[in-house]
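# Structural characterization, general
So you can see what is in the structure, the chains are spelled out below.
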Amino acid sequence: MAAPLAAPLTKLAYQTFQQGKSYFGLAHKTLSSQLLSLIAPPRDRQPSPLSADLLLKIQRRLNQLLETDWQDAEQGIYPESLLFDNPWEDFFRYYPALCLDMPQIWERANQKRHQDFSTQVKTEGYPSYYLQNFHHQTDGYLSDMSANLYDLQVEILFNGSADAMRRRILAPLKRGLEQFTQTPPHQIRVLDVACGTGRTLRLIRGMLPDASLFGTDLSPAYLRKANQLLSQNPGELPQLLQANAEELPYLDNYFHAVTSVFLFHELPPAVRQRVIEQAFRVVQPGGVFVICDSIQVSDSPDLMSLMEGFPDMFHEPYYRHYTTDDMVGRLEQVGFVGITTEVHFMSKYWIAHKPAS
């Protein structure tokens, strides 16, 4: 009798787990907003509260995301254990530091100091568009503390759904790799561009235990964090490189698949195009390029008010252009074909294929 009950009980556990993360994210944001209004009242006019109707739409989208996440695991696209993968050690270790960092974030946001870095951070050699305090983060993406806090910050921002949105790349990635059934699993090579702290690579590893995984990022601090996270897997050898996505240091046609998560909305338009060109260059004929990023106006007009307020609230200087950018046209321009899109909760996905030779 235990087997028929296993799936419903696991689903209930998953729903409870996600609800707990969601409630925590809401509680944190509510309390921090109240503290902000008392300690450091914002100088600018704040956005109007969301309507009850819009909040209901957002909740429905979140419920749909979690249902899709569960179904993909139940269908064996990736193991159910990924549904419960959470950086608990980082949460208990760094959540107090996240709270202590909030006054600096509020002050920086109030004073519009968007290129503010400590003297210990070396900023030479980075492109100017990268030297930003994205999300008003202390030291942007260039300090170890920023890397330690990043995943917690993103989870709170999206009410505990960040990994569920990341996992939406897994099904199209797995389908895309079906073109290479004659290639032994250990010879499959997957590159994650702008891998950050390695969360996406960790999820890909859960689905593809034998593949060779690679990651690039501009930030040495985030690569150190990724190395720490990925090295927790027994026998794992992270193949991580500090590199600009505009000039990927790999041979042509080297990878069977390339992924990129939450990168393109933080790039100027011309740089987006160059990164897409690089992805096309390094992926093999027949290979797949899977992008996850923010929703856009064309497919989520009901959330236009959120998109309008997001770049100012979180200092995203290239976001407004991104929300109306023709990403399909950019992908087609370099030669990708068979491009499809999906929308899940607050994220949009492009699945693009390099023509087989």
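Reading the values: rules and limits
Counting restarts for each chain, with residues numbered from 1 along the sequence as it is written. Only residues with pLDDT of 70 or above have their local features reported here, since the model is predicted, and side-chain atom pairs are shown and tallied only from 80 upward, although totals for entire chains, interfaces and linings are computed over all residues. Calculated side-chain values reflect all of the structure's heavy atoms, with hydrogen atoms and water omitted. To qualify as a helix, a DSSP run of H or I must reach at least 4 residues; to qualify as a strand, a run of E must reach at least 2; elements of each kind are numbered from the N terminus. In protein, a polar contact requires one atom able to donate a hydrogen and another able to accept it; more generally it is a pair of N or O atoms within 3.5 Å, and residues adjacent in sequence count only if both atoms are side-chain atoms. Between two residues, a contact is recorded if the distance between any of their heavy atoms is within 4.5 Å. Two strands pair if DSSP finds at least two bridges between them. For helices, the fitted axis covers only the stretch in contact; all axes are lines through C-alpha atoms, and the angles between them, taken along N-to-C directions, range from 0 to 180 degrees. Between 65 and 115 degrees an angle is taken as roughly perpendicular, under 35 as roughly parallel, over 145 as roughly antiparallel, and anywhere else as oblique. Crossings are classed by handedness, with left-handed meaning an anticlockwise turn of the near helix from the far one by less than a right angle and right-handed meaning a clockwise turn.

What follows concerns the side chain of Thr259. Structurally, the position occupied by Thr259 is in strand β4 (residues 255-261). One polar contact links Thr259 to Asp192, side chain to side chain, over a distance of 2.8 Å. Non-local contacts of Thr259, meaning those with residues more than four positions away in its chain, are made with Ile169, Leu173, Leu191, Asp192, Val193, Ile204, Phe289 and Val290.

Before going further, it helps to spend a moment on the pairing of strand β6 (residues 337-344). In this structure, β6 lies alongside strand β7 (residues 347-353), joined through 6 bridges in antiparallel fashion. Its bridge partner lying in β7, Val343 is registered against Lys348. What sits between β6 and β7 in their antiparallel hairpin is a turn of 2 residues, with Phe345 showing a positive phi close to 55 degrees.

Contact geometry of helix α9 (residues 269-282) with helix α12 (residues 327-334) gives a least axis separation of 9 Å together with a crossing angle of 45 degrees. Taken together, the axis directions place α9 and α12 in an arrangement best described as oblique. For the crossing formed where α9 meets α12, the hand is right-handed. Taking contact as the criterion, the partners of Pro269, Arg272, Gln273, Ile276, Glu277 and Phe280 in α9 are, on α12, Met327, Arg330, Leu331, Gln333 and Val334.

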